[in-house]
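So the chains spell out like this:
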Amino acid sequence: MRVVIAPDKFKGSLTAPDVVAHLAAGLRSVPLPVGQTWEIDGIPVADGGEGTLDAAVATGFTRRSALVSGPTGEPLTAEFAVRGGEAVIEMATASGLAVLPGGVKDALRSSSRGTGELIRAALDSGCTRIILGVGGSANTDGGAGILQGLGARLLDADGRELPGGGAALARLAGIDSSALDPRVREARFVLASDVDNPLLGPDGAAVVFGPQKGACAEDVQLLDAALANFVQVLGSHFGPRALDAANAPGAGAAGGVGYAALAVLAADRRPGIDVVLEFTGLADRLSGADLVITGEGSLDEQSLLGKTPLGVARAAAAAGVPAIAVCGRSTLLDQQLRAAGFDRAYALTDLEPDTDKCMAGAGPLLEQVGSAIAGQLIGGPFTGGSRPEPAKTR
């Protein structure tokens, strides 16, 4: 009985590898008929944000680390992953909200410099194709910090180098790119992001995402104006591509890191889930499977816009393999789930309605769900139908 388990993390509860382990334990707890054995292929996946590094390592990439500048300048050790000449960088490990000292947000000063330093570490490792997973960032600096981390100098009108952070870009007058790492021109970059916002304006990085990073209304206006100045100076230095990139879909991703990736690194922007499913080899690993299980912490309207479960369900449909979803909670109707490609769905809150208890006990609850799935799989193929009754709490 071959089952592929390809979930994202359950945010706040379990990593994707943890989800795989608990579901697999639940499946294996149910004995199969004589002559059959469980063949379980666990594939932790992500949509380009948090968890992308785990997905890469689970697929054969080697975890590496480098000492880099944290979001507000403090040194920290951040990880990336390498396989051959390819690297996967999860921006949040170097420049994310989760690594802010004491968790204190600083929307004006937070920088993406550490991510640029991780790119340099990947280049030092001989990588020529670099995947940038850009979720959970603390900065709104347009990717200026990435350029600084790669050797560029951002200067004010007096020729003094600017500090990190988006606010300082209001004083930007010139760029010295003579020390920009030359290997950048030879490398190929992939921007793994589902965000299609431009850099500036009412749908831009500062207005839409700035408040999540601690920006008040006044900070948002300051940051948007500073980013506009950054575009003008970068355009004067690098040419029309840098000006045009500000309006490109995805330029506003990760506090504008998408902009620098498109304007200077000439990155190819692709949906994060597509990139991850490609390097995990999911399509090939679905061959011969009886079932694929995917999921994430919350299955909701956002999930239908290209998040991990939908990407896995589409891959399963292409392979002719039934797919079911497992989640912490679901706000989707049965018809929405079926339209998205899921034969059935299981929510942990069906077993434990108390959200706090559900999150704290997500592992054992997933094992119960795994047991229920195994029982139904043994009983016959998954061919659609309404959501089944959840397993009873032990």
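In what follows, the accompanying structure is described. For clarity, every value in this text was computed on a predicted model and none was experimentally measured. (Residues numbered from 1 in each chain as written. Predicted model: local features only at pLDDT ≥ 70, side-chain atom pairs only at ≥ 80, totals over all residues. Heavy atoms only, no water.)

## Details of the sheet that holds strand E5 (residues 86–90)
Across a sheet, strands are paired by hydrogen bonds formed along the backbone, either parallel or antiparallel in direction. As summarised here, the arrangement of the 6 strands in space is E3-E4-E5-E6-E9-E10, forming an open sheet in which the pairing is mixed. Both edges of this open sheet fall to strand E3 (62–69) and strand E10 (268–270), since each of them pairs with a single strand only. The mean angle between the axes of side-by-side strands here comes to 25°, regardless of whether they run parallel or antiparallel. One ladder, built from 3 bridges, connects strand E4 (residues 75–83) with E5; its direction is antiparallel. (Pairing = 2+ DSSP bridges. Helix = DSSP H or I, 4+ residues; strand = E, 2+ residues; numbered from the N terminus. Axes fitted to C-alpha atoms, helices over the stretch in contact; angles between N-to-C directions.)

## Re the packing of helix H1 (residues 16–28) against helix H15 (residues 362–379)
Look at H1 against H15: their axes get within 6 Å of each other, and the N-to-C directions meet at 45°. Regarding the angle of H1 to H15, the classification is oblique. Here the hand of the crossing between H1 and H15 comes out right-handed. The segment H1 lies against H15, with Val 19, His 22, Leu 23, Ala 25, Gly 26 and Leu 27 engaging Gly 363, Pro 364, Leu 366, Glu 367, Val 369, Gly 370, Ser 371, Ile 373 and Ala 374. Partitioning the contact of H1 with H15 into residue classes produces 9 nonpolar, 5 polar and 1 charged. (Parallel < 35°, antiparallel > 145°, perpendicular 65-115°, else oblique. Left-handed = near helix turned anticlockwise from the far one by under 90°. Contact = heavy atoms within 4.5 Å. Nonpolar A, V, L, I, M, F, W, Y, C, P; charged D, E, K, R; others polar.)

## As for the pattern of salt bridges
Throughout the structure, instances matching the rule amount to 20 salt bridges. The shortest N-O distance in the salt bridge between Lys 307 and Asp 47 comes to 3.4 Å. Note that Lys 307 is positioned in the loop between strand E11 (291–299) and helix H12 (308–319) and Asp 47 in the loop between strand E2 (39–42) and helix H2 (52–58), a separation of 260 residues in sequence. Classification of Asp 47 by relative accessible area gives buried; the value is 13%. (Salt bridge = Lys/Arg side-chain N within 4 Å of Asp/Glu carboxyl O. Buried < 20%, exposed > 50% of the residue type's maximum accessible area, 1.4 Å probe, protein only.)

## Here we look at helix H4 (residues 113–124)
Taking 1.5 Å of rise per residue, 12 residues should cover 16 Å, and H4 covers 17 Å from first to last C-alpha, within 8% of that figure. Among the 12 residues that make up H4, 9 are buried, leaving the element largely enclosed by the rest of the structure. Turning to H4, its buried residues are Gly 114, Thr 115, Gly 116, Glu 117, Leu 118, Ile 119, Ala 121, Ala 122 and Leu 123. Just past H4, the residue Gly 126 takes up positive phi, approximately 90°. (Expected span 1.5 Å × (residues − 1).)

## Comments concerning the sheet that holds E11
Strands sit in the order E2-E1-E11-E12-E13 across an open sheet of 5 strands; the sheet is parallel. Each having just a single partner strand, E2 and strand E13 (344–347) make up the two edges of the open sheet. Neighbour to neighbour, the strand axes of the sheet diverge by 20° on average, direction disregarded. Summarising the sheet, E11 and strand E12 (residues 323–330) pair through 7 bridges and their orientation is parallel. Each residue of the ladder has a partner; that of Val 292, found in E12, is Ala 323. Contacting strand E1 (2–5), E2, E11 and E12, H1 runs over the sheet at an angle of about 160° to E1.

## So, the nonpolar core
Side chains of a nonpolar character, in soluble globular proteins, are inclined to be buried together. Counting residues in hydrophobic clusters, the biggest one holds 62 residues, and the most contacted among them are Ile 119, Ile 130, Leu 132, Phe 189, Leu 234 and Tyr 259. No other element matches the 8 residues that helix H7 (residues 217–238) contributes to this core. Residues within four places of Leu 234 in sequence aside, it is in contact with Leu 147, Ile 175, Gly 239, Ala 242, Tyr 259, Ala 263 and Val 264. Val 3, Ala 24, Leu 32 and Leu 377 belong to the second largest nonpolar core, which has 29 residues in total. (Core = buried A, V, L, I, M, F, W, Y, C linked by side-chain atoms within 4.5 Å.)

## Comments concerning the packing of aromatic side chains
Taken as a whole and judged by the stated rule, the model has 2 aromatic pairs. Between Phe 61 and Phe 279, the ring centres sit 5.4 Å apart and the planes meet at 65°, which makes this aromatic pair edge-to-face. Note that Phe 61 is positioned in the loop between H2 and E3 and Phe 279 in helix H10 (residues 272–280), a separation of 218 residues in sequence. The same class applies to Phe 61 as to Phe 279, namely buried. (Phe/Tyr/Trp six-rings, centres within 6.5 Å; stacked < 30°, edge-to-face > 60°.)

## Here we look at the environment of Gly 239
Structurally, the position occupied by Gly 239 is in the loop between H7 and helix H8 (240–245). Residue Gly 239 is classed as buried on the basis of its relative accessible area, which comes to 16%. When the C-alpha atoms of Gly 239 and Ala 94 are compared, they prove to be 29 Å apart, with 145 residues separating the residues in sequence.

## A look at the environment of Ala 225
Relative to the helices and strands, Ala 225 is located in helix H7. Of the residues examined, Ala 225 reaches a relative accessible area of 48% and is grouped as partly exposed. A sequence separation of 19 residues divides Ala 225 from Ala 206, and the C-alpha atoms of the two residues are 9.2 Å apart.

## Focus: the pairing of E5
Most of E5 is tucked away: 5 of the 5 residues are buried. Covered by surrounding structure in E5 are Glu 86, Val 88 and Glu 90 together with Ala 87 and Ile 89, the residues of both alternating faces. Hairpin connection from E4 to E5: 2 residues lie between these consecutive antiparallel strands, with Gly 84 at a positive phi of about 65°. Strand direction decides the pairing type here: E5 and strand E6 (residues 129–133), joined by 5 bridges, are parallel. What sits directly across from Val 88, in E6, is Ile 131.

## Considerations on the environment of Asp 18
Mapped onto the elements of the fold, Asp 18 is located in helix H1. In this structure Asp 18 comes out as partly exposed when scored by relative accessible area, which is 32%. Taking the C-alpha atoms as reference points, Asp 18 and Asn 229, 211 residues apart in sequence, are found 44 Å from one another. Polar contacts involving the side chain of Asp 18 include one to the side chain of Thr 15, which spans 3.0 Å. (Polar contact = N/O pair within 3.5 Å; in protein donor to acceptor, adjacent residues only side chain to side chain.)

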